Amino acid sequence: MLDTRDILETIRMIQDENLDIRTITMGISLLDCADSDIVRSCNKIHAKICRLAKDLVRVGDDIGREYGIPIINKRVSVTPIAMLFAASGGDPTEYARTLERAAHDVDVNFIGGYSALVQKGFAAGDEALIRSIPQALAETERVCSSVNIGSTKAGINMDAVALMGRIIRECAEKTADRSCIGAAKLVVFCNAPEDNPFMAGAFHGAGEPDCVINVGVSGPGVVRNALAKLPDADITGIADAVKKTAFKITRIGQLVAAQAAERLGVPFGIVDLSLAPTPAVGDSVAYILEEMGLEQCGAHGTTAALALLNDAVKKGGVMASSHVGGLSGAFIPVSEDAGMIAAARSGALTIEKLEAMTAVCSVGLDMIAVPGDTPAAVLSAILADEAAIGMVNSKTTAVRLIPAIGKGVGDELEFGGLLGSGPVMPLNTRSPAKFIARGGRIPAPIHSLKN
Amino acid sequence: MKAVLTVVGRDMVGILADVSAECAAQNVNIEEVSQSVLQDLFCMIMLVDVSNCPLPLAEFADLMSEKGQAKGLAIHVMHEDIFRAMHHI
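Here the residue numbers are simple positions, counted from 1 along each chain's written sequence. Each chain takes a letter, starting from A, and each ligand takes a number, starting from 1, following the order in which they are written. Only residues with pLDDT of 70 or above have their local features reported here, since the model is predicted, and side-chain atom pairs are shown and tallied only from 80 upward, although totals for entire chains, interfaces and linings are computed over all residues. Processing note: side-chain calculations cover all non-hydrogen atoms of the structure and skip hydrogens and water entirely.

Caption draft 1: Geometry of the overall build of chain A. Secondary structure is summarised from DSSP: a helix means a run of H or I of at least four residues, a strand means a run of E of at least two, and numbering begins at the N terminus for each. Across its full length, chain A carries 16 helices and 15 strands. In this setup the radius of gyration rests on C-alpha atoms only. A globule is expected at 2.2 Å times the number of residues raised to 0.38. In terms of overall size, chain A behaves like a compact globule, its C-alpha atoms giving a radius of gyration of 21 Å where 451 residues would be expected to give roughly 22 Å. The principal-axis extents of the C-alpha atoms in chain A amount to approximately 60 × 55 × 50 Å. Throughout this description, buried means an accessible area under 20% of the type-specific maximum (1.4 Å probe, protein chains only), exposed means over 50%, and partly exposed covers the range between. When burial is assessed residue by residue, chain A has 63% of its 451 residues classed as buried.

Right, dumping it as structure tokens:
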């Protein structure tokens, strides 16, 4: 029989430590929906999403109940809409409205892919789509947008960087009456993964199959509790404990992914090995770092602790899943993590420290509220810094900043739900305007020439 | 198809009988039982075969959970594969 202790451990992880499957995301290719007529294109998109994803939520809920594991989100990611808009022209926000309607019809809480990939330059449709993002995100609730502005192979498109600084501001301004939520649904990437199941940055890459199931796991609370049992272990012991825990968490992700793929008749894509925090007490990545022995997240030593955590999660998770992908690592979204919120409020965690942390962990400067009067050029410069870290280190970095319109340092921005709340964090106010206004492209770093 | 049924709650007369009776009513066969009482806390783990249960597993799980709540017990029914996946390579 199964070991009693193992059974109780699994139940404790789920009941007390917030172990859950964060998302089952169905990736859907819309390439065969492209049409020179935008109405026909939108109709085909709506029909295809509804056909393929109609059972996604029901199957997710069934699996959750049968296996006793909460499956928090069911979502859809689609081909970057800029590719379809290039063929059809017209008003790009028609696509956003179509995606919103489809999301409501299949009852997913987010749909990602109002996106453009412009790391080397703007193709037909890219710039118009990007300029429409603020309107698209203001008009819709469930549509998420992302723009890839750099890669290790292509360098950084500084024209896109300059543009995205303005777009982020506009997204916040257009939704100023709703906690600037527009900016929280927009991610700016360097080295964007094509199979990421996590919002707001999910899109379905052009190299992906027609339809695929990707699963994102979670479980910061489980890792923290495993470490709490080792108050006197050395760092080797800590790394081992994280690996073992990540293995167990990921096995659940693999099981759910395989079941969902089979029941929906869709290929299994990847499991994303991520520690994704939520604002719930006990579901925090910052608390794991503090459990390792830091007084508060943001203290010197945080980067080293995070590097160890991120690496151990991958090492433990890789063996537990047949295919690993997406972002895979520890997330550090400030407003979504109770420990990060506390550290930012107390001043222990600054944006400079967060930037350093992004060099060693998954994603980047995520869900950070910045003063509402921050000029677009400063936002662009933050994008450029973060993209440079991703480009040089051959890793994904992303930026999701929320200019808190009408608010300043010391104020709070409240989103509610999984997006949480956070203090407005101070930025360095020296102007990078001339650097950003130059435009052009940062050349790809030399280690791109391995071929 | 097998499932793991766990019951946790304050010890009282008839818990095992009630849970077994409900399993029998749903044509669920109990294959193994492990049970302990620590101080006042009753804890039981059963391996059950739900192949012949007329209800889908998710509905059987909901039913048992409701029956448990009525008596102040936490009853969970989970597919055995989740435990095998997590603890066996």
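Moving on, there is more to tell.
Caption draft 2: How the structure looks around the interface of chain B and chain A. Contacts between residues were defined by any pair of non-hydrogen atoms, one from each residue, lying within 4.5 Å. The partner chain A presents 24 residues to the 27 residues of chain B that form the contact. The buried area of a pairing is the accessible area, by a 1.4 Å probe, that goes missing from both parts when the two are put together, added over both. Summed over both sides, the interface of chain B with chain A buries roughly 2400 Å², with 72% coming from carbon and sulfur. The largest contributions to the chain B side of the interface with chain A come from Ile82, Met86 and His87 of chain B, which together make up 27% of the buried area. Note on definitions: salt bridges are taken to be side-chain nitrogens of Lys or Arg within 4 Å of carboxyl oxygens of Asp or Glu. Linking chain B with chain A are one salt bridge. Taking the shortest distance from any N to any O, the salt bridge between arginine 65 of chain A and aspartate 62 of chain B comes out at 2.7 Å. Polar contacts, as used here, are pairs of N or O atoms within 3.5 Å; protein pairs need one atom able to donate a hydrogen and one able to accept it. Residues neighboring in sequence count only if both atoms are side-chain atoms. One can count seven residue pairs in polar contact (both at pLDDT 80 or more) joining chain B with chain A. Of all the secondary structure elements, the ones that give two or more residues to the side of chain B that touches chain A are strand E1 (2–10), strand E2 (29–38), strand E3 (41–49), helix H2 (57–70), strand E4 (73–79) and helix H3 (81–87) of chain B. Under the scheme applied, nonpolar residues are Ala, Val, Leu, Ile, Met, Phe, Trp, Tyr, Cys and Pro; charged residues are Asp, Glu, Lys and Arg; polar residues are all the others, including Gly. Split into classes, the residues belonging to the side of chain B that touches chain A amount to 15 nonpolar, six polar and six charged.

Caption draft 3: Representation of the pairing of strand E12 (residues 397–404) of chain A. Residues and elements named next belong to chain A. When you tally the buried positions in E12, you get eight out of eight residues, the bulk of the element. Side-chain alternation along E12 places Thr397, Val399, Leu401 and Pro403 on one buried face and Ala398, Arg400, Ile402 and Ala404 on a second face that is also buried. Pairing between strands is defined by DSSP: at least two bridges between them are needed. The pairing of strand E6 (residues 186–190) with E12 spans three bridges and is classified as antiparallel. Bridging across to E12, valine 188 finds its partner in valine 399. As defined by bridge partners, strand E11 (residues 365–371) adjoins E12 across six bridges and the pair is classed as parallel. Across the sheet, residue valine 370 finds its bridge partner in E12, namely proline 403. Think of it like this: strands point away, you trace from the first strand over the helix to the second, and a clockwise trace means the crossover is right-handed. In this view, the connection linking E11 to its parallel neighbour E12 by way of helix H15 (residues 376–392) has right-handed handedness.

Caption draft 4: Region of interest: the pattern of salt bridges. Residue and element names in this part refer to chain A. Under the defined criterion, the tally for this structure stands at 32 salt bridges over all chains. The salt bridge involving glutamate 139 is made with arginine 97; its shortest N-O contact spans 2.5 Å. Note that glutamate 139 is positioned in helix H6 (residues 126–139) and arginine 97 in helix H5 (residues 93–106), a separation of 42 residues in sequence. Bridged by salt links that share partners, the residues Lys54, Asp55, Arg58 and Asp62 form one connected network.

Caption draft 5: Region of interest: unusual backbone geometry. Residue and element names in this part refer to chain A. Here methionine 199 and alanine 200 are connected by a cis peptide whose omega angle stands at 10°. Mapped onto the secondary structure, alanine 200 falls in the loop between E6 and strand E7 (211–217). With a phi close to 65°, aspartate 107 is a non-glycine residue in the positive phi region. Assignment of secondary structure puts aspartate 107 in the loop between H5 and strand E3 (110–117).

Caption draft 6: Representation of helix H7 (residues 158–174) of chain A in the model. All names here are of chain A. Over its 17 residues, H7 extends 24 Å from the first C-alpha to the last, a length consistent with the 24 Å expected when each residue adds 1.5 Å. Counted residue by residue, H7 has twelve buried out of 17 residues, so it is predominantly covered. Here H7 starts with a cap whose side-chain oxygen sits 3.0 Å from the backbone nitrogen of aspartate 159, and that cap is asparagine 157. Given the number of residues in a helix, its expected span is that number minus one, multiplied by 1.5 Å.

Caption draft 7: Structural detail: the packing of aromatic side chains. Residue and element names in this part refer to chain A. Any two rings among Phe, Tyr and Trp, with Trp reduced to its six-membered ring, count as a pair given centres within 6.5 Å; such a pair is stacked if its planes are under 30 degrees apart, edge-to-face if over 60, and tilted if neither. Tallied over the full model, the rule gives one aromatic pair over all chains. Judged by centre distance (4.8 Å) and plane angle (80°), the rings of phenylalanine 198 and phenylalanine 331 are edge-to-face. A residue pair is termed long-range when its members are at least 10 positions apart, and phenylalanine 198 in the loop between E6 and E7 and phenylalanine 331 in the loop between strand E10 (329–330) and helix H13 (338–346) qualify at 133 residues. The pair formed by phenylalanine 198 and phenylalanine 331 is uniform in burial state, with each residue classed as buried.

Caption draft 8: Here's a closer look at helix H1 (residues 15–25) of chain B. Residues and elements named next belong to chain B. Regarding H1, the residues found buried are Ile15, Val19, Glu22 and Cys23. For H1, the angular spread of buried residues about the axis comes to 100°, placing them on one side. Along H1, the residues that are exposed and aim more than 90 degrees away from the buried face are Ala24 and Ala25. Residues of H1 that are buried sit in contact with E1, E2, E3, H2 and E4. The directions considered for the arc run from the helix axis to the C-beta atoms.

Caption draft 9: Region of the structure containing the sheet that holds E3 of chain B. Residues and elements named next belong to chain B. An order of E2-E3-E1-E4 is seen for the four strands of this open sheet, with the pairing classed as antiparallel. A single partner strand is all that each edge strand has here, and the edge strands are E2 and E4. Geometrically, the sheet is characterised by an average inter-axis angle of 15° between neighbouring strands, direction not taken into account. Pairing analysis gives nine bridges linking E1 to E3, with the strands arranged antiparallel. Looking across to E3, one finds that valine 8 is bridged to cysteine 43. Convention adopted: a line fitted to C-alpha atoms gives each axis, helices being fitted over their contacting stretch, and angles between N-to-C directions are expressed from 0 to 180 degrees.

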